[in-house]
Amino acid sequence: MSIATGNAAAAAVGGSAGAAGAAQRYYRRFTPVERIMHAFLMITFVGCALSGLPLIYAERAWAQTLARLLGGFEGAGLIHRICAFVMIVVFVSHVVMVFYKAIKGGRLMAMFWGPDSMVPQLQDGIDIWNNFKWFIGRGPRPQFDRWTYWEKFDYWAVFWGMFIIGGSGLLLWFPVFFSKLLPGWMFNIASLVHGEEALLAVGFIFTFHFFNGHLRPEKFPMDTVIFTGRIPEHELKGERQVEYQRLLREGKLEAKETTAPTSESKWFGWTIGGIALVLGVITVVLIVYSIF
Ligand code: HEM
């Protein structure tokens, strides 16, 4: 479907966004397993950040207070290792699940190509161009399929980040074992890489990723889709018109329709998302404050 058609269709459904409150339809976007894994990733990432940063800024009063709150530098180290272990388990499980699903369903190609793939494609480049044109008022707002280019960017940032931060972290965790395999200077590099990548990851997740989830005008104050797994019809039509039309064309839309999110799942989203947002913003403020 062309972007122009998508926009025309989006404009046509503009009214349904307004009527969203009445009899809202919902569609399934994330499975319970995906939501649970994201929750674990969030918790362990925040845990690693809070327990790791006091080491970088050990001379700062806030870092010493934070380390004390976490049970001293030893307690923080333990929390860091527990969170890191769970994070690695979540990451490895995710990769295994992606391959297992693709091979079992005979859809190996769909993992690399097509609307459900996280692999960047030509359309993503076109979407970036059109979105930036829209930012400066030079074109209509583009419509997206299952994954937007910024969602793919976030995904790969975490994916490759896991190899860098996880790999270097394991070297720091098990120096005796790795010293039998690697030269000594690798440990200096690992220590440097781990700290710098951590700052980059924290800076990125707690600003760009949070902005996309919380602060975009149409999402403010919070997009709860990753917690409830359900996207309301007006959002699917309003932002992911290409996906909506594709599902309609392929006759798959009806099968995706689901019940409204329960108030418990919404509250869970608001609570865990809100706590992460507050901790993330405080962390970024402290890092920026410590630089000057
Ligand atoms: C995923 C696997 C990870 C492993 C195995 C790991 C492991 C480690 C280990 C063993 C240390 C040394 C801690 C100590 O001596 O007490 C460390 C330090 C640190 N970690 Fe991690 N970590 C991981 C993920 C993360 C993540 C996701 C972040 C940030 C979001 C992070 C941030 C830090 C920071 C800032 C330090 C201090 C670095 C320095 O002193 O320069 N780590 N990590």
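What counts, and at which threshold
Within every chain, residues take consecutive numbers counted from 1 along the sequence as written. Side-chain atom pairs in this predicted model are given and counted only at pLDDT of 80 or more, local residue features only at pLDDT of at least 70, and totals for whole chains, interfaces and linings cover all residues. Each side-chain value is derived from all of the structure's non-hydrogen atoms; neither hydrogens nor water enter the calculation. The pLDDT value tells you how sure the predictor is about a given residue, anywhere from 0 up to 100. Contact between two residues is taken to exist if any of their heavy atoms lie within 4.5 Å; hydrogens are not considered. Excluding water, the donors of a metal are its N, O and S neighbours within 2.8 Å, or within 3.2 Å for Na, K and Ca, and that exclusion means sites may look incomplete. Working rule for geometry: tetrahedral if four donors all subtend angles between 85 and 135 degrees; square planar for four, octahedral for six, if opposite donors exceed 155 degrees and the others stay between 65 and 115; irregular in every other situation. Secondary structure elements follow DSSP: runs of H or I of four or more residues count as helices, runs of E of two or more count as strands, with numbering from the N terminus. Here's how the labels work: a residue is buried when its accessible area is under 20% of the maximum for its type, exposed when over 50%, partly exposed in between, all with a 1.4 Å probe on protein chains only. Cavities and pockets were defined on a 1 Å grid built over protein atoms only: a cavity is a set of grid points that admits a 1.4 Å probe from which the probe cannot escape, a pocket is an open set flanked by protein on both sides within 12 Å along at least five of seven lines, and lining residues are those with an atom within 4 Å of any such point. Grid points are joined across faces, edges and corners, and a volume is the space filled by probe spheres set on the points. When residues are sorted by character, Ala, Val, Leu, Ile, Met, Phe, Trp, Tyr, Cys and Pro go into the nonpolar class, Asp, Glu, Lys and Arg into the charged class, and all the rest, Gly among them, into the polar class. Patches in this entry comprise residues that are over 30% relatively accessible and not in a salt bridge; like charges within 9 Å are linked, as are nonpolar side chains (Val, Leu, Ile, Met, Phe, Trp, Tyr) within 5 Å. To be clear on the numbers: accessible area is Shrake-Rupley with a 1.4 Å probe, and residue cover counts the displayed protein chains and nothing else. Take a side-chain nitrogen of Lys or Arg and a carboxyl oxygen of Asp or Glu: if they are within 4 Å of each other, that pair is a salt bridge.

Asks: I keep staring at the confidence of the model for the protein and nothing clicks. Help me out?
Replies: Mean pLDDT for the protein: 91, with 92% of residues reaching 70 or above. Here residues 1-21 is modelled with pLDDT under 50, and outside its nearest four sequence neighbours on either side it reaches 28 contacts, counting other chains as well.

Asks: I would appreciate a short explanation of the coordination of the iron atom of the ligand in the present structure.
Replies: Working reference: metal with six octahedral donors, ideal angles 90 or 180 degrees; metal with four tetrahedral donors, ideal angle 109.5 degrees. Protein coordination at the iron atom of the ligand comes from H80 (NE2) and H194 (NE2), with a distance range of 2.0 Å. For the iron atom of the ligand, the six donor atoms in the first shell make angles of 86 to 179° at the metal, a pattern classed as octahedral. One end of the pair, H80, is in helix α5 (residues 72-104); the other, H194, is in helix α10 (residues 185-215), with 114 residues separating them in the sequence. The exposure class of H194 is buried, given its relative accessible area of 17%.

Asks: Please clarify how empty space enclosed by the protein should be interpreted in this entry.
Replies: Rolled over the atoms, a probe with the dimensions of a water molecule shows which regions are left empty. For the structure shown, the criterion picks out one cavity of 30 Å³ or more. Looking at the largest cavity, the residues that line it are Y27, R28, R29, R146, I231, L236, E243, L247 and K256. Taken together, the elements giving at least two residues each to the lining of the largest cavity come down to β1 (26-28) and α13 (241-249). Split into classes, the residues belonging to the lining of the largest cavity amount to four nonpolar, no polar and five charged.

Asks: Before we go on, may I ask you to explain a nonpolar patch on the surface in this structure?
Replies: Together, F99, I103, L108, M109, F112 and W113 make up an exposed nonpolar region whose accessible area comes to about 670 Å². Those elements giving two or more residues to the nonpolar patch turn out to be α5 and α6 (108-112). Note that F112 resides in helix α6. Note on F112: relative accessible area 39%, which makes it partly exposed.

Asks: Any chance you could explain the pattern of salt bridges here in plain terms?
Replies: Oppositely charged side chains can form a pair if their charged atoms are brought close together. A full pass over the atoms with the stated rule returns 20 salt bridges. We note a salt bridge from D223 to K219, for which the minimum N-O separation is 3.5 Å. Exposure remark for K219: the relative accessible area of 6% places this residue in the buried category. The shortest N-O distance in the salt bridge between E239 and K219 comes to 3.6 Å. Taken together, the residues span a long stretch of sequence, with E239 in helix α12 (residues 233-239) and K219 in the loop between α10 and α11 (225-228) at a distance of 20 residues. Residues joined by salt bridges that share partners form a network here, namely R29, R141, E151, R216, E218, K219, D223, E235, E239 and R240.

Asks: How should I be thinking about α13 in this particular structure?
Replies: In an α-helix, one turn spans 3.6 residues; hence positions three or four apart end up facing the same way. Of the residues making up α13, those classed as buried are Q241, V242, E243, Y244, R246 and L247. Following α13 by one or two positions, G251 adopts a phi angle in the positive range, close to 70°.

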